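Examination of the molecular architecture
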Amino acid sequence: MTTTLRPTGPEQPGPEGRRGRDYEVCVNSRPVGAIELTTDSRFGPGVGRILGLRIDGADRRRGRGVVAALAAEEVLRGWGCRRVEVSIPADAVAARRLADALGYTERNRNMVKRLPEQPPALPEDTEARPMNGPEFAAWLEATKRAYAKHWIDRGVPEEQARAKSEADHTTKLPDGIHTFAAVLRVLSHRGTDVGTLWLSLAEELPDDADGFVFDVVVAAAHRGHGHGRSLMLLAEQECRGAGDRLGLNVFADNTPATGLYESLGYEPTRHHLYKPLI
């Protein structure tokens, strides 16, 4: 039996060379599922994305998904893509097994915590204040560089990483320090500034969260003293007025951060994986 992809409509062009198309997954011309392909809006037309892969129940466990995914990769190669990205819900166990078998690597994941009605207080001698203008300017440049480096260190070409960093910060902080629903705080311990927090309370956030932690940084000289946990407790306090679901993103190889979030009760909601197309 031959498994192939059959287009269900014309290719859909987008801005800046983006493209997308829907396909049926067919076995000997018989439809058994569907798959949607697009280029990645974050990284440009050189990166492809599988938005969805579905195999009908009666045809599962027969290798149809494996062949369909490999065929999708060939389509993306034909589009000039050198990398493919996928996002998999945490409870989609079969999809994660398929991605692992095909050589996809997890880069980052979303996590969410249901907050208690009364978040714990900050530790003794620890307090927070709003970031001021000069602090914001210095913080913004530093966080742009650090964010780009996170992606570069994980295989994203430097040009793509820097463009993504610039675009993400411009989108999420359009009015700088005065951006609506942006919570920008400086944490101090015994009168010394030890870290910063960027939390968003915007209406549309990943995983239907009421707040989303975009950036938590403990100054290098003050790490290892529990200030990261204090910053996360601060985020819970700030979020609780808006709702009870606090989300975040963490790179999969950031073991200390992942361990901290798990110890605070955060659970994965979505895994983001990639694979080079070479």
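Refer to the structure printed above.
As a starting point, this report considers the structure included with it. Values in this document were obtained by computation on a predicted structure and should not be read as measured data.

**A closer look at the pairing of strand E10 (residues 192-200)**
Within E10, seven of the nine residues are buried, which leaves it mostly tucked inside the rest of the structure. Two elements, strand E9 (residues 182-189) and E10, share eight bridges in a ladder whose sense is antiparallel. Bridge pairing links His 189 to Thr 192 in E10. Where E9 folds back on E10, the antiparallel hairpin that results is connected by two residues, among which Arg 190 adopts a positive phi of roughly 50°. In this sheet, strand E11 (residues 211-218) lies alongside E10 in antiparallel orientation, the contact comprising six bridges. Within E11, the position partnered with Ser 200 by the bridge is Phe 212.

**Overview of unusual backbone geometry**
Even without glycine at this site, Ser 29 takes up a positive phi of about 75°. Note that Ser 29 resides in the loop between strand E3 (19-27) and strand E4 (30-40). According to the relative accessible area criterion, Ser 29 is exposed, its value standing at 54%. One non-glycine residue, Arg 190, lies in the positive phi region at around 50°. Along the chain, Arg 190 falls in the loop between E9 and E10. Given a relative accessible area of 65%, Arg 190 falls into the exposed group.

**Description of a nonpolar patch on the surface**
Together, Val 66, Val 67 and Leu 70 make up an exposed nonpolar region whose accessible area comes to about 190 Å². Note that Leu 70 resides in helix H1 (residues 64-78). A relative accessible area of 38% places Leu 70 in the partly exposed class.

**Quick word on helix H6 (residues 255-263)**
Along an α-helix, residues three or four positions apart point the same way, because every turn accommodates 3.6 residues. When we look at burial in H6, the residues that qualify are Ala 257, Thr 258, Leu 260 and Tyr 261. The buried residues of H6 occupy an angular sector of 160° when the element is viewed end-on, so they sit on one face. Along H6, exposed side chains directed more than 90 degrees from the buried face belong to Thr 255 and Pro 256. For H6, the elements touching its buried residues are strand E7 (105-114), helix H5 (227-240) and strand E12 (245-251).

Rules used in this analysis
Residues numbered from 1 in each chain as written. Predicted model: local features only at pLDDT ≥ 70, side-chain atom pairs only at ≥ 80, totals over all residues. Heavy atoms only, no water. Buried < 20%, exposed > 50% of the residue type's maximum accessible area, 1.4 Å probe, protein only. Helix = DSSP H or I, 4+ residues; strand = E, 2+ residues; numbered from the N terminus. Pairing = 2+ DSSP bridges. Patch = residues over 30% accessible without salt bridge, like charges linked within 9 Å, V, L, I, M, F, W, Y side chains within 5 Å. Areas by Shrake-Rupley, 256 points an atom, 1.4 Å probe, with all protein chains shown as cover. Salt bridge = Lys/Arg side-chain N within 4 Å of Asp/Glu carboxyl O. Arc of directions from axis to C-beta. Contact = heavy atoms within 4.5 Å.

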